[in-house]
Amino acid sequence: MKVSRAQAEENRERILDNAAQLFRERGFDGIGLNDLMQAAGLTRGGFYGHFDSKDDLAAQATRRALAANREQWKKQTDRSLSAWIKAYLSDTHRDHIGAGCGLVALAGDAARGGAAVREVFGEGVESLVATLQAQMPAADADTRREQALAMLSTLVGALLLSRAVGDAGLSRELREAARRHLPVAVR
């Protein structure tokens, strides 16, 4: 049965939304096309009507996840950078991988992924750095960029490691140490 353009676009969006979440939860190789399509309420047969390959989907879902991150970061940092840092390094964020930061969840997959995924990931990093750079305390743009890069690296690394260790105490220590070593003006 043929679907309308509007329905096809709605299906495509549903696939991307589900893939962005499931790739964060399970990684690119941790879920197959059948399961991705089933999560979207569709059959595998329709996949290639929307995407050239699973790599194409991975790149587009990564873009979706990182764009959502940027919007969330922008809203939070516009209100209070220190409150955002507290939420970013919280137990709740640590425990909700599928809804959490795409940088943390997808970095390893992006590093092993194809050129399109790495390009999208790089664009996402640049976009998030720009969001943070506007919040940094330094007077000149170059130093604000360096501060934003260091902050992003510290936060992402701390969250990634805190998710990877099995010890709740060590997980908390990693996140607390990261927070304490951010510039005073931003924590």
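Structure's up top.
Residues numbered from 1 in each chain as written. Predicted model: local features only at pLDDT ≥ 70, side-chain atom pairs only at ≥ 80, totals over all residues. Heavy atoms only, no water.

As for its placement among the helices and strands, S171 is situated in helix α9 (residues 168–180). We classify S171 as buried; its relative accessible area is 1%. At a separation of 3.0 Å, a polar atom in the side chain of S171 contacts the side chain of R94. In this structure, S171 is in contact with R94, S162 and V165, ignoring residues within four places of it in sequence. (Helix = DSSP H or I, 4+ residues; strand = E, 2+ residues; numbered from the N terminus. Buried < 20%, exposed > 50% of the residue type's maximum accessible area, 1.4 Å probe, protein only. Polar contact = N/O pair within 3.5 Å; in protein donor to acceptor, adjacent residues only side chain to side chain. Contact = heavy atoms within 4.5 Å.)

All chains considered together, the criterion is met by 10 salt bridges. With a shortest N-O distance of 2.6 Å, E13 and R64 are connected by a salt bridge. Placement of E13 in helix α1 (residues 5–26) and of R64 in helix α3 (residues 54–79) is noted, with a sequence separation of 51 residues between them. Accessibility expressed as a relative area gives 27% for E13, which makes it partly exposed. With relative accessibility at 25%, the residue R64 sits in the partly exposed group. Connected through shared salt-bridge partners, D91, R94, D95 and R175 make up one network. (Salt bridge = Lys/Arg side-chain N within 4 Å of Asp/Glu carboxyl O.)

Our next topic: the packing of aromatic side chains. Counted by the stated rule, this structure contains 6 aromatic pairs. Ring geometry for W73 versus Y88: centroids 5.8 Å apart, planes at 90 degrees, classification edge-to-face. Linking W73 in helix α3 with Y88 in helix α4 (residues 81–88), this pair joins segments that are 15 residues apart in sequence. For the ring pair W84 and Y88, a centre distance of 5.2 Å and an interplane angle of 40 degrees mean the geometry is tilted. Remark: Y88 and W84 occur in helix α4; sequence separation between them is 4 residues, near one turn of the helix. Take W84 and Y88: they sit in the same class, and that class is buried. Ring-pair connections join several aromatic residues into one group, and the members of that group are F47, Y48 and F51. (Phe/Tyr/Trp six-rings, centres within 6.5 Å; stacked < 30°, edge-to-face > 60°.)

Before going further, it helps to spend a moment on helix α8 (residues 141–164). Taking 1.5 Å per residue as the helical rise, α8 with its 24 residues ought to reach 34 Å, and the 34 Å between its terminal C-alpha atoms agrees with that figure. Listed in full, the buried residues belonging to α8 are A148, M151, L152, L155, V156, A158, L159, S162 and R163. Packed against the buried residues of α8 are α3, α4, α5 (91–95), α6 (102–112), α7 (115–133) and α9. (Expected span 1.5 Å × (residues − 1).)

Moving on, we get to the packing of α7 against α8. At a minimum axis distance of 8 Å, the contact between α7 and α8 shows a crossing angle of 115 degrees. Between α7 and α8 lies a crossing of right-handed hand. Here V125, E126, V129, L132 and Q133 of α7 lie close against α8, whose contacting residues are A141, R144, R145, A148, L149, M151 and L152. Counted by class, the contact of α7 with α8 contains 8 nonpolar, 1 polar and 3 charged residues. (Axes fitted to C-alpha atoms, helices over the stretch in contact; angles between N-to-C directions. Left-handed = near helix turned anticlockwise from the far one by under 90°. Nonpolar A, V, L, I, M, F, W, Y, C, P; charged D, E, K, R; others polar.)

This part covers α4. The set of residues buried in α4 consists of L81, W84, I85 and Y88. Down the axis of α4, the buried set is contained in an arc of 100 degrees. They therefore lie on one face. Tucked into the core, α4 has its buried residues touching α3, α5, α6, α7, α8 and α9. (Arc of directions from axis to C-beta.)

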